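Below, each chain spelled out in residue letters.
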Amino acid sequence: MEGKKLLSFLKWVGLGLLFIGLPAVIATVVSFSIPYYLLHNVTLANTLSTIIPIVVIVISVTYFRKYLQSRNLITPFTKRSPITILPDSGQPIDEKYIRRFEVNLKFAKGEEYIKRLAMLGMMYLQNAVAYDNKDLYLRAKEYLARAEEAMEGKNVSFETKMLVDNLRSKIETYKYRFGER
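The rules behind each value
Residues numbered from 1 in each chain as written. Predicted model: local features only at pLDDT ≥ 70, side-chain atom pairs only at ≥ 80, totals over all residues. Heavy atoms only, no water. Axes fitted to C-alpha atoms, helices over the stretch in contact; angles between N-to-C directions. Helix = DSSP H or I, 4+ residues; strand = E, 2+ residues; numbered from the N terminus. Parallel < 35°, antiparallel > 145°, perpendicular 65-115°, else oblique. Left-handed = near helix turned anticlockwise from the far one by under 90°. Contact = heavy atoms within 4.5 Å. Nonpolar A, V, L, I, M, F, W, Y, C, P; charged D, E, K, R; others polar. Expected span 1.5 Å × (residues − 1). Buried < 20%, exposed > 50% of the residue type's maximum accessible area, 1.4 Å probe, protein only. Arc of directions from axis to C-beta.

**A look at the packing of helix H3 (residues 95-105) against helix H4 (residues 111-131)**
Running from N to C, H3 and H4 cross one another at 160°; their axes reach a closest spacing of 10 Å. Relative to H4, the element H3 is oriented roughly antiparallel. For the pair H3 and H4, the crossing hand works out as left-handed. Contacts between H3 and H4 involve Glu95, Tyr97, Ile98, Arg99, Phe101, Glu102, Asn104 and Leu105 from the first element and Tyr113, Arg116, Leu117, Met119, Leu120, Met123, Tyr124, Asn127 and Tyr131 from the second. Within the contact of H3 with H4, the residues separate by chemical class into 11 nonpolar, 2 polar and 4 charged.

This is the structure in structure tokens:
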């Protein structure tokens, strides 16, 4: 989880109150006050002050999660389960994990984006080998092409070059297995 920062509990609570608590309180006050004081309708005030805050909380939680992802922040409650990315192991990687990794790809920029492309390619290659699936192998090649394209004309670190080169090497190793010449 390189580049990710762990939030302290107090910072997490503060951000949660800012993103979720404050909008919920404002929505509750406004949704009750307007129908009650301006329209003099208690039933409408109670109904709206129940429904609107729930909708605001759901929307606020969504934006709070996106904010944390875009800033590479890890909550104190995040479960961390290490995975081994090694195509030779024959062990598949959970599809849900790969999908989450793909979703988080849009938040990466610059060199971090290239690293994540190479890692996704390696994950797809590992699943291609584990399931003997040519479609997954082609997906790994697609991520290699995207990583090489993103690397063109950029000065990247040795580590990033090695990740892309390692993916290229592994794809070369397995190309005969998936019927390429």
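Having put the structure on the table, let's press on.
**Overview of helix H6 (residues 158-174)**
In this model H6 runs 24 Å from its N-terminal to its C-terminal C-alpha over 17 residues, within 8% of the 24 Å that 1.5 Å per residue would give. Those residues of H6 not exposed but buried are Thr160, Val164, Leu167, Lys170, Ile171 and Tyr174. In an axial view of H6, the angular spread of the buried residues amounts to 125°, which keeps them on one side of the axis. Facing away from the buried side of H6 by more than 90 degrees, the exposed set consists of Phe158 and Thr173. Of the surrounding secondary structure, the elements contacted by the buried residues of H6 are H4 and helix H5 (134-151).

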